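The lines below spell out each chain.
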Amino acid sequence: MTSEPRWIAIEVVARCYDVEIDWLLLVVDSGVLLGVQQRDNQLRIAESELDRIAAAVRWHRHLALEMETVTAMLLQDRVSPLRA
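To keep things clear, this report deals only with the structure shown in the data block. Owing to the predicted nature of the structure, the values given are computational and were not obtained by experimental measurement. Throughout, residues of each chain are indexed from 1 in the direction in which the sequence is written. Thresholds applied to this predicted model are a pLDDT of at least 70 for local features of residues and 80 or more for the giving and counting of side-chain atom pairs; totals over whole chains, interfaces and linings are not thresholded and use all residues. Only hydrogens and water are set aside; all other atoms, that is, all heavy atoms of the structure, feed into the side-chain values.

Side note on the sheet that holds strand 1 (residues 7-9)
Criterion used throughout: strands pair if DSSP finds at least two bridges between them. Here a helix means four or more residues in a row that DSSP labels H or I, a strand means two or more in a row labelled E, and each is numbered from the N terminus. One open sheet holds the three strands; their spatial order is 1-3-2, and the pairing between them is antiparallel. Two strands bound the open sheet, and with one partner strand each, they are strand 1 and strand 2 (36-39). Averaged over all adjacent pairs, the angle separating strand axes in this sheet is 40°, with direction ignored. Here strand 1 runs beside strand 3 (residues 42-46); their pairing, made up of three bridges, is antiparallel. Bridging from a neighbouring strand, Ala-9 pairs with Arg-44 of strand 3. Here, two residues are considered to be in contact whenever any of their heavy atoms come within 4.5 Å of each other. Here the axes come from fitting lines to C-alpha atoms, over the contacting stretch only for helices, and the angles between their N-to-C directions go from 0 to 180 degrees. Sheet strands in contact with helix 1 (residues 10-17) are strand 1 and strand 3, and its direction is about 80° off that of strand 1.

Now the structure itself:
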């Protein structure tokens, strides 16, 4: 039995990771997140994408990597952020 994925409003995700919504929109626009959709007039992110967002935040914030580098790292063979 497959269950419907849980969807989280982008504003909630931004608050959880203490990032600006504009920064999170850059991540979404980069195409590295597969589970993003417009629902109920609100951009929502699948719960399954939270590890990828956490990796993007960590690499950008703590390693001071530019968004282009973060995007390349997330796109490279779809490497699991847990191993990075």
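From this point, the narrative continues.
Overview of the pairing of strand 2
In the sheet, strand 2 pairs with strand 3 via four bridges, with the strands oriented antiparallel. Looking at strand 3, one finds that Arg-39 is bridged to Gln-42. Following strand 2, the chain reverses through two residues before pairing antiparallel with strand 3; Asp-40 in that reversal takes a positive phi of roughly 55°.

What to know about the nonpolar core
Side-chain atoms within 4.5 Å are what join buried Ala, Val, Leu, Ile, Met, Phe, Trp, Tyr and Cys residues into a set we call a nonpolar core. Burial classes: relative accessible area under 20% of the type maximum marks a residue as buried, over 50% as exposed, and values in between as partly exposed (1.4 Å probe, protein chains only). Core analysis: the biggest nonpolar cluster contains 21 residues, and Trp-23, Leu-24, Ile-45, Ile-53 and Leu-74 have the highest contact counts within it. Counting only elements with at least two residues in this core, the list comes to helix 1, helix 2 (21-30), strand 3, helix 3 (50-61) and helix 4 (67-75). If you tally residues by element for this core, the top one is helix 3, at six residues.

Let's talk about the packing of helix 3 against helix 4
Direction vectors running N to C along helix 3 and helix 4 enclose 140°, while the axes themselves pass 10 Å from each other. As summarised for this structure, helix 3 and helix 4 are arranged oblique, according to the angle between their axes. Along this stretch, helix 3 crosses helix 4, giving a crossing that reads as right-handed. Residue-level inspection shows Arg-52, Ala-55, Ala-56, Trp-59 and His-60 of helix 3 in contact with helix 4, the latter providing Met-67, Val-70, Met-73, Leu-74 and Leu-75. By the convention adopted, Pro, Cys, Tyr, Trp, Phe, Met, Ile, Leu, Val and Ala count as nonpolar, Lys, Arg, Asp and Glu as charged, and the other residues, Gly among them, as polar. Residues belonging to the contact of helix 3 with helix 4 are distributed by class as follows: eight nonpolar, one polar and one charged. What sets the label is the angle itself: under 35 degrees gives roughly parallel, over 145 gives roughly antiparallel, 65 to 115 gives roughly perpendicular, and the rest give oblique. In this scheme the handedness of a crossing depends on how the near helix is turned from the far one: anticlockwise by less than a right angle means left-handed, clockwise means right-handed.

Some words on the packing of helix 1 against helix 2
Contact pair helix 1 / helix 2: the axes reach a minimum separation of 9 Å and the direction vectors enclose 110°. Taken together, the axes of helix 1 and helix 2 lie roughly perpendicular to each other. Note that helix 1 runs across helix 2; the crossing there is right-handed. Across the interface between the two elements, Ile-10, Glu-11, Val-13 and Ala-14 of helix 1 pack against Ile-21, Leu-24, Leu-25 and Val-28 of helix 2. Looking at the contact of helix 1 with helix 2, its residues break down into seven nonpolar, no polar and one charged.

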